[in-house]
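# Inside the fold
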Amino acid sequence: MLPLNIVVCVKQVANPDYFSQITLDPETGAIQREKVPSILNPMDENALEEALKLRDKYSGKVTVISMGPPQAREVLEWSLTLGADEAILLCDRAFAAGDTLATAHVLAAGIREICPCDIIFCGNEAADGATQQVGPQIAELLGFPHITNVNELVVREDKTAVVKRIIEYGYLKIEVQLPVLIAVSREINQPRAATAEGILTLGDKVFKTWTLNEIKVNPKDIGLEGSPTRVSGVFEQKNERRREVLQGALEDMVNTAIEELRQEELV
Ligand SMILES: Cc1cc2nc3c(=O)[nH]c(=O)nc-3n(C[C@H](O)[C@H](O)[C@H](O)COP(=O)(O)OP(=O)(O)OC[C@H]3O[C@@H](n4cnc5c(N)ncnc54)[C@H](O)[C@@H]3O)c2cc1C
């Protein structure tokens, strides 16, 4: 029954270590990510690792796919360096300004071009947007079952899988028939490090860039027009600290503190 055709969705995100340096455009409210370095979304590293382990065990192919601007090529190349076989960048101005559903429409259309596939891996959430919506939305659009927050996966030779899904007070054990979309947590594995061989063979790997012309998606479902949700406002959270030292009798200090907190509507 095997080999496996596996797809991994990878997103380029701003490095969380630099989140405090992300600023907002004062006029448009747009997030200015350009000033901070970008990385492969951490959970997508785990998704890729799980895909590579299965490919190494059963043979087959791992294709990494990303929707993003031209610089998203970097995370795809990094994924190829780590061991993925092929990469697809979905890149077109028509894809820009989309919400999660519009993003999922583009990714699902890209994946449809390389189907049939056995497993689609996603991270459980992107470090920046963190809606956890894109994976399940892709699955719905493709008619795949999906399991999120997965921290253990065993794929059997008969193309069934046993999955452990973390829940609040334990885990669920789920048996599923492939094809399936799996969204993984950080606990599922320890991603491998890049090797010299991976770096040296990068140039031999297949890298495709697809625009709107190469995928079958309704232009009404993508970009701003295809986005049923809108950001109605964004604000920067400012932590303004005020320090006040009270003096006098203990009871007076307590009463003063309570009164001041009341005035600030904090109690
Ligand atoms: C209301 C709203 C409006 C938005 N408007 C804009 C906008 O105007 N311009 C703009 O640039 N962004 C916009 N976004 C952000 C954009 O929709 C998200 O960056 C994108 O849809 C991914 O969502 P997320 O970060 O929450 O991913 P999650 O759903 O948390 O990601 C889960 C997993 O899905 C996969 N994944 C997610 N995104 C991608 C991707 N692009 N490529 C490959 N795999 C992916 C990864 O495996 C990831 O680990 C908007 C988001 C919302 C909610």
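Anything mentioned here points back to the structure above.
Residues numbered from 1 in each chain as written. Predicted model: local features only at pLDDT ≥ 70, side-chain atom pairs only at ≥ 80, totals over all residues. Heavy atoms only, no water.

## Examining the overall build of the protein chain
Secondary structure summary: the protein chain contains six helices and 13 strands in total. Taking the principal axes of the C-alpha coordinates as reference, the protein chain spans close to 80 × 45 × 40 Å. Out of the 267 residues in the protein chain, the part that is buried amounts to 41%. For the protein chain, restricting intrachain contacts to residue pairs at least 6 apart in sequence, the fraction spanning at least 24 positions comes to 72%. With an accessible surface of roughly 15500 Å², the protein chain has 50% of that area assigned to carbon and sulfur atoms. (Helix = DSSP H or I, 4+ residues; strand = E, 2+ residues; numbered from the N terminus. Buried < 20%, exposed > 50% of the residue type's maximum accessible area, 1.4 Å probe, protein only. Contact = heavy atoms within 4.5 Å. Areas by Shrake-Rupley, 256 points an atom, 1.4 Å probe, with all protein chains shown as cover.)

## What to know about the environment of Phe95
When you line up the elements, Phe95 lands in the loop between strand S7 (86–90) and helix H3 (100–112). Overall, Phe95 belongs to the buried group, its relative accessible area being 4%. Residues Phe95 and Leu82, 13 residues apart in the sequence, show an inter-C-alpha distance of 27 Å. Excluding its chain neighbours within four sequence positions, the residues that come into contact with Phe95 are Met67, Leu90, Val106, Trp210, Thr211, Leu212, Ile215, Ile222 and Gly223.

## Side note on the sheet that holds strand S6 (residues 60–67)
Here nine strands make up an open sheet; going across it, the order is S11-S10-S9-S12-S8-S1-S6-S7-S13 and the pairing mixed. The sheet terminates laterally at strand S11 (170–177) and strand S13 (206–210), the two strands that pair on one side only. Strand-to-strand twist in this sheet, taken as the mean axis angle between neighbours without regard to direction, amounts to 30°. Examined bridge by bridge, S6 and S7 share five bridges and lie parallel to one another. Its bridge partner lying in S7, Met67 is registered against Leu90. The strands touched by H3 within the sheet are strand S1 (4–9), S6, S7, strand S8 (119–123) and S13, with S6 carrying the most contacts at an inclination of about 150°. (Pairing = 2+ DSSP bridges. Axes fitted to C-alpha atoms, helices over the stretch in contact; angles between N-to-C directions.)

## With respect to the site of the ligand
In the region of the ligand, 28 residues are neighbours, and Cys9, Lys11, Asp44, Met67 and Thr131 sit closest. The contact in question runs from an oxygen atom of the ligand to an N or O atom on the backbone of Ala126, over 2.9 Å. Backbone polar atom of Ala130 to an oxygen atom of the ligand: 3.3 Å apart, as the coordinates give it. Within the complex, 80% of the 940 Å² of free accessible area of the ligand lies under protein. Among the secondary structure elements, those contributing two or more residues to the shell around the ligand are S6, H3 and S8. Split into classes, the residues belonging to the shell around the ligand amount to eleven nonpolar, twelve polar and five charged. (Near = heavy atom within 4 Å. Polar contact = N/O pair within 3.5 Å; in protein donor to acceptor, adjacent residues only side chain to side chain. Nonpolar A, V, L, I, M, F, W, Y, C, P; charged D, E, K, R; others polar.)

## Describing the layout of surface pockets
Reported here for the second largest pocket is a volume of approximately 200 Å³. What lines the second largest pocket is Arg242, Arg243, Glu244, Leu246, Ala257, Glu260, Leu261, Glu264 and Leu266. Among the residues forming the lining of the second largest pocket, the class breakdown is four nonpolar, no polar and five charged. (1 Å grid on protein atoms, 1.4 Å probe; cavity = no way out; pocket = protein on both sides within 12 Å on 5 of 7 lines; lining within 4 Å. Points joined across faces, edges and corners; volume = space filled by probe spheres on them.)

## A closer look at the nonpolar core
Val8, Phe121 and Ile182 are the most contacted members of the largest nonpolar core, which totals 37 residues. Tallying contributions element by element places helix H1 (residues 42–58) first for this core, with six residues. Those residues in contact with Ile182, other than ones at most four positions away along the chain, are Ile119, Ile120, Phe121, Cys122, Ile147, Val150, Leu153 and Val163. Residues Ala104, Leu107, Leu181 and Trp210 belong to the second largest nonpolar core, which totals 26 residues. (Core = buried A, V, L, I, M, F, W, Y, C linked by side-chain atoms within 4.5 Å.)

## A short note on the pattern of salt bridges
A full pass over the atoms with the stated rule returns 16 salt bridges. Between Arg192 and Glu49 there is a salt bridge, and its shortest N-O distance comes to 2.8 Å. Linking Arg192 in the loop between strand S12 (180–184) and helix H5 (196–200) with Glu49 in helix H1, this pair joins segments that are 143 residues apart in sequence. Assessed through its relative accessible area of 30%, Arg192 is described here as partly exposed. The partner of Glu244 in a salt bridge is Arg242, and the shortest N-O contact between them spans 3.6 Å. Residue classification places Glu244 among the partly exposed residues on the basis of a relative accessible area of 43%. Taken together, the shared-partner salt bridges in this structure form one network comprising Glu49, Arg55, Asp56, Asp85 and Arg192. (Salt bridge = Lys/Arg side-chain N within 4 Å of Asp/Glu carboxyl O.)

## Regarding the packing of aromatic side chains
For the structure on display, the rule yields zero aromatic pairs. Over the face of the ring belonging to Phe207 we find Arg73, whose NZ or CZ atom lies 3.8 Å from the ring centre. When the ring centre of Tyr171 is taken as reference, the NZ or CZ atom of Lys164 above it lies at 4.0 Å. (Phe/Tyr/Trp six-rings, centres within 6.5 Å; stacked < 30°, edge-to-face > 60°. Lys NZ or Arg CZ within 6 Å of the ring centre and 35° of its normal.)

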